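Architecture at a glance
Residue-level listing of the chains:
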Amino acid sequence: QVQLVESGGGLVQAGGSLRLSCAASGRTFSDNAMGWFRQAPGKEREFVAAISWRGLSTYYADSIKGRFTISRSNAKNTAYLQMNSLKPEDTAVYFCAASRSLNPVRPVSRNEYDYWGQGTQVTVSS
């Protein structure tokens, strides 16, 4: 089992930045690929970014490419999502997720991930 707790969300103006953190406990964190998803009101949960177990491979949704950066510290059992140049359409609840795989086979698929956090709200005002 892996327990995931997100933090770092909040209210920010368009063009601003936030860094989300996902603290993991339980199963060895370094054995898990990690992902970030988001869900806006009335919409499906969508893929944002993913990272392999050692951080050598990263994956991004087209909508955030060039603005967001996923990273991880296995020493700290934490994954991060640095979000820059935020837009109002980035407003959503952001979830981190862990996969039992070292390298996600289908990083964009929710079915790839076995453990989920409770989410943190990100609101971007115009």
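In the block above lies the structure referred to throughout.
Let me sum up the structure you'll find in this document. (Residues numbered from 1 in each chain as written. Predicted model: local features only at pLDDT ≥ 70, side-chain atom pairs only at ≥ 80, totals over all residues. Heavy atoms only, no water.)

Some thoughts on the state of the cysteines
In total, this model carries 1 disulfide according to the counting rule given. Sulfur-sulfur distance for the disulfide between cysteine 22 and cysteine 96 comes to 2.0 Å. Classification of the bridge connecting cysteine 22 and cysteine 96 rests on its S-S torsion, roughly 55 degrees, and on that basis the disulfide is right-handed. Here cysteine 22 is found in strand β3 (residues 18-26), whereas its partner cysteine 96 is found in strand β9 (residues 92-99), with 74 residues between them in sequence. (Disulfide = S-S within 2.5 Å. Helix = DSSP H or I, 4+ residues; strand = E, 2+ residues; numbered from the N terminus.)

Observations concerning the pattern of salt bridges
On inspection of all chains with the given rule, the structure shows 6 salt bridges. Glutamate 46 serves as the salt-bridge partner of arginine 38, at 2.6 Å between the closest nitrogen and oxygen. According to the relative accessible area criterion, glutamate 46 is partly exposed, its value standing at 36%. Beyond isolated ion pairs, a larger network of salt bridges with shared partners links Arg38, Glu46, Arg67 and Asp90. (Salt bridge = Lys/Arg side-chain N within 4 Å of Asp/Glu carboxyl O. Buried < 20%, exposed > 50% of the residue type's maximum accessible area, 1.4 Å probe, protein only.)

Details of the environment of isoleucine 70
Inspection of the secondary structure puts isoleucine 70 in strand β7 (residues 68-73). In this structure isoleucine 70 comes out as buried when scored by relative accessible area, which is 4%. Placed 64 residues apart in sequence, isoleucine 70 and glutamate 6 show a C-alpha to C-alpha distance of 14 Å. Excluding anything up to four places from it in sequence, isoleucine 70 contacts Met34, Trp36, Ala49, Ala50, Ile51, Thr58, Tyr60, Tyr80 and Leu81. (Contact = heavy atoms within 4.5 Å.)

Some details on the side chain of arginine 67
Inspection of the secondary structure puts arginine 67 in the loop between β6 (58-60) and β7. Only 2.9 Å separates the side chain of arginine 67 from the backbone oxygen of serine 85, close enough to count as a polar contact. Residues within four places of arginine 67 in sequence aside, it is in contact with Gln82, Met83, Asn84, Ser85, Leu86, Lys87 and Asp90. (Polar contact = N/O pair within 3.5 Å; in protein donor to acceptor, adjacent residues only side chain to side chain.)

Overview of unusual backbone geometry
Of note in this structure, asparagine 77 is not a glycine but carries a positive phi near 55 degrees. By the secondary structure assignment, asparagine 77 is in the loop between β7 and β8 (78-83).

Description of the pairing of β7
Sheet topology note: the β7/β8 ladder contains 6 bridges and is antiparallel. When the sheet's bridge partners are listed, isoleucine 70 is paired in β8 with leucine 81. Counting the residues in the hairpin turn of β7 and β8 gives 4 residues, including asparagine 77, whose phi is positive at 55 degrees. (Pairing = 2+ DSSP bridges.)

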